[in-house]
Amino acid sequence: MEYNFREIEQRWQEFWRDNDTYRIKEDASKPKFYVLDMFPYPSGAGLHVGHPLGYIASDIYARYKRLKGFNVLHPMGYDAYGLPAEQYAIQTGQHPAITTQKNIERYRSQLDKIGFCFDWNREVRTCDPGYYRWTQWAFEQMFNSYYDNDLNKAMPITALIDKFEANGSEGINVACGEEMTFTAEEWKKMAKVEQEKILLNYRIAYLGDTMVNWCPKLGTVLANDEVSEGVSIRGGYPVEQKVMRQWCLRVSAYAQRLLDGLDNIDWSDSLKETQRNWIGRSEGAEMQFKVADSDVVFTIFTTRADTIFGVTFMVLAPESEYVNQVVTPEQAEAVKQYLDSIKHRTERERIADRKVTGVFTGAYAINPLNNKQIPIYISDYVLAGYGTGAIMAVPAHDSRDYAFAKTFDLPIIPLIEGCDVSEESFDAKEGKMMNSEGNGLNLNGLEVKEAIAKTKEFIKANNLGKVKVNYRLRDAIFSRQRYWGEPFPVYYKDGMPHILPDEKLPLQLPEIDKYLPTESGEPPLGRAKNWETAEHYPLELCTMPGFAGSSAYYLRYMDPHNPNALVSKEANEYWRNVDLYVGGTEHATGHLIYSRFWNKFLFDLGYVCEDEPFKKLVNQGMIQGRSNFVYRIKDTNTFVSLNLKGEYDTTEIHVDVNIVSNDRLDIEAFRNWSPEYKDAEFILENGEYVCGWAVEKMSKSMYNVVNPDDIVERYGADTLRLYEMFLGPLEQSKPWDTNGIDGVHRFIKKLWNLFYDKESLAVTDEEPTAEELKALHKLINKVGSDIEHFSFNTSVSAFMICVNELTSLKCRKKAILKELAILLAPFTPHLSEELWSLLGFEPSVCDAPWPVYNEEFTKESTINYAISFNGKMRFNMEFAADAAREDIEKAVLADERSAKWIDGKTPKKVIVVPNKLVNVVV
RNA sequence: GCCCGGAUGGUGGAAUCGGUAGACACGAAGGACUUAAAAUCCUUUGGCUAUAAUACGGCUGUGCGGGUUCAAGUCCCGCUCCGGGUACCA
């Protein structure tokens, strides 16, 4: 019988669906295991062959764990809100909900064809009101909370109000926007609106005026992780800096916990490192500088307190609040001109031409350690958003300050013995200090590290400043001036935001006529009719960003239909957190930070029982495209084969990889591909047209997109699954190359032929031989440990080796084949089900017990030793597995082949590596 | 610039602790079966090279240059190139 994958796969997919094989319930009698994939954004292009890579890997793992006796939660859903659907809506007027629904259906049918064990009963969609009700709920919780730095956790805002009532701002240590001081009396006397305004300064979800990334082309603000190199990640449009009033999440309050948490989770080092850099902890000091002839005192942040004697100027960020306080009348005009000139530069321009620019304020600061007056400048190389927006410049030991000093001809004072600052600054934190003495502090002769510590002590003791830890991590901007996202459950009364009462939730996304901003520049929701409460208070016009819906979806899968809570306590305590999360690294500084923050916040309030959401994380590599080229001779319609093109003047043209096989062009298909090539002529080599190739991003415009549906159609889902794993290590990026898929397909056919001899099932009940058991148990051992280590490519090889051995042993024994079917079940579930039932077992193989490895069967009686002389391998010898070391040594030296290599000398040493080799040192 | 990865045949990739480099595949070449093709099976396949023949022969070989070691793809030092992240973060 032929291996008919179409019939087999369809039949078992129906069986699984009809029997709810993958429906999972909480079951206290079994250990739980939660395997999660990063849910996809359902884009219009559908899945290409790269998308399922991670899903296949996690599916293998999930199925393996199930076979090992775990109750495995393996859900899937859709990250359904997002810009592309909305951009499409703007162009076509098509409601994003409709396109999204269509795309989801397409995704679903593509996913179904691959045979995943998802529990679709638990599907979530972020755009579903039953789902985003809980996104809105979480926002409400954040609005009603503040972060207590002493307790190191989020607390209800009512606890803060109690403190204000009792002692005002006295003695509070909480995360906030700006430091505020008021007494209990003052607090009580304030109008309600006044109090609300103050509370906004402390809420974890707060409305704040912050410098944002404004993207005029998209008409929205973007979070830091949505911007790269001055352009938006989606669309690549320029982004400018602008102060706007926006919803923000106080992620920064969690900076230290997000950092510390990394030590207790099993993620790759590189990913942890990326998050550490993104959080960007830096220990330093804040110091106060007085402005000469003025009452103004300003604060700077530095990690190099030791370089205080090398300060030759100060720099303020252009947006710094100090600017207006210090500028002298003489310099006012120059400063104004400078500020105007940089306002019009986009972020991108600023980065592109990294020119040193700046202007003198006319004012001088006084160095508290030597009383010297130093000029104060304004420059855009100092950022308003980091530290205090003001720095002390030490040109000798900071390259940016150095560039500025050279441009504005300011003095450079070296502070480290032996350093040469004539050409560039000396930035390293090493060496002995010099030129560093004044006002009771002497750092000369100290190592840099000692000097930093000593200076910190000194400024603390003398009230010149304080030790301070800064983080690069900013609060997340949470508003988007867009339509296709979760509406905020917020209305405004007297200009202050309030949360809608519970019975009004979820606040559903309204219909609008056009998906564009209003005439007056309001976000699209400004077009919605009656977008207000019953009392005619206006509702928030912004919607939430993409990461809102994806931050807690893994919790919803635990209890997806619960109308009363994001997740019930029981469900949460059973599933706890994700044991294995599989997804790409591109979310390192976005989703994976926000999710951790969101989870920690819910943990603080007692809604979830684990502090970290994802215990182990595996990053699958990107599947790149492998493009093919044909070479057209200029100004003709003649194409020349790759190795002959040197003789002609040619243009390289992308050709659809689906009409190329093994880099040989299907000429007929090419002529039909486009009318332009209908009459194409070819110059062939050896009767074939050979295409060139290159590795590029998989994209339509490169004609290198391979659709998994086509592969399934041609080879079957099991072959696709196996081949995706066989392609290389999971974590590694690699190009998709359909050449080679025949190898795995052949393997499956070989396996099939162990069951079928021509037309009849040829399985026997004979007892397996030692040799057969050995082949099987080697495989059990290998596949088990490979799956545990996510080394799926080598397990596929192991299967091939085993089946080759069994084929040459002509082994058709049920006892062996049964176990083989189970071992293969995670990889080729359809085939395994089929084989399992062919052997006469009841379905489903999904619930069979994973075979137990027995070492006895794989033990060798003799072991082949490599014999080497001075490390050079020369010949092999067989020894009994339990041969004594001395006997092996003696036998090697006595062997006639050794004489040649020993060459009459006395061996200095003989090294015996058990079970491997013997090395004789002559 | 900084941080993190990586480099192994014509190709994808194996090599758990430093211990016979190239497993397993693809491709290629040759052969069997076939009227033919497809499918299937068998042999060879890193490079150079020896011998009249036989071969279980020799040399060389994991980006480059050094080093440690009885032994290095693997460890150390210095480079080159490629990929990813990040970027005036004081």
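Here is what the cut-offs are and how they apply
Residues numbered from 1 in each chain as written. Chains lettered and ligands numbered in written order. Predicted model: local features only at pLDDT ≥ 70, side-chain atom pairs only at ≥ 80, totals over all residues. Heavy atoms only, no water. Salt bridge = Lys/Arg side-chain N within 4 Å of Asp/Glu carboxyl O. Buried < 20%, exposed > 50% of the residue type's maximum accessible area, 1.4 Å probe, protein only. Pairing = 2+ DSSP bridges. Helix = DSSP H or I, 4+ residues; strand = E, 2+ residues; numbered from the N terminus. Core = buried A, V, L, I, M, F, W, Y, C linked by side-chain atoms within 4.5 Å. Near = heavy atom within 4 Å. Polar contact = N/O pair within 3.5 Å; in protein donor to acceptor, adjacent residues only side chain to side chain. Nonpolar A, V, L, I, M, F, W, Y, C, P; charged D, E, K, R; others polar.

Caption draft 1: The arrangement of the pattern of salt bridges in detail. Enumeration according to the criterion identifies 52 salt bridges in this entry. Residue arginine 203 pairs with glutamate 196 through a salt bridge whose shortest N-O separation is 3.2 Å. On the basis of relative accessibility, which here comes to 4%, the residue arginine 203 falls in the buried class. For glutamate 196, a relative accessible area of 13% gives the class buried. The salt bridge involving glutamate 819 is made with lysine 818; its shortest N-O contact spans 4.0 Å. On the accessibility criterion, glutamate 819 (18% relative accessible area) is buried. A cluster of three or more residues bridged by salt bridges with shared partners is formed by Arg257, Arg596, Lys600, Asp604, Asp611 and Glu612.

Caption draft 2: Fine view of the sheet that holds strand E19 (residues 476-477). Reading across the sheet, the four strands line up as E6-E5-E9-E19 and stay open at both edges, with antiparallel pairing between neighbours. Each end of this open sheet is capped by a strand with a single partner; those strands are strand E6 (220-222) and E19. Relative to E6, strand E5 (residues 205-215) runs antiparallel, the two being bridged by three bridges. Among the inter-strand pairings, asparagine 213 is bridged to a residue of E6, identified as leucine 222.

Caption draft 3: The arrangement of the nonpolar core in detail. Leu249, Phe478, Tyr553, Leu820 and Phe827 are the most contacted members of the largest nonpolar core, which totals 189 residues. No other element matches helix H2 (residues 52-67), which puts nine residues into this core. Ranked by size, the runner-up nonpolar core spans 43 residues in total, among them Tyr322, Ile378, Ala396 and Val421.

Caption draft 4: Layout of the protein's contact with RNA strand B. The environment of RNA strand B is made up of 53 residues, and the closest members are Thr303, Tyr386, Arg400, Arg746 and Asn919. At the protein interface, 61% of the atoms of RNA strand B within 4 Å belong to sugar or phosphate. Contacts to RNA strand B include leucine 383, whose backbone N or O atom sits 2.9 Å from a base nitrogen. Here asparagine 919 contributes a side-chain N or O atom positioned 2.2 Å from a base oxygen of RNA strand B. For the surface near RNA strand B, the secondary structure elements donating two or more residues are helix H10 (269-279), strand E11 (297-302), helix H23 (741-755), helix H25 (792-808), strand E34 (862-869), strand E35 (872-880), strand E36 (909-913) and strand E37 (917-921). The greatest single-element share of the surface near RNA strand B, amounting to six residues, is contributed by H25. Looking at the surface near RNA strand B residue by residue, the class counts come to 17 nonpolar, 21 polar and 15 charged.

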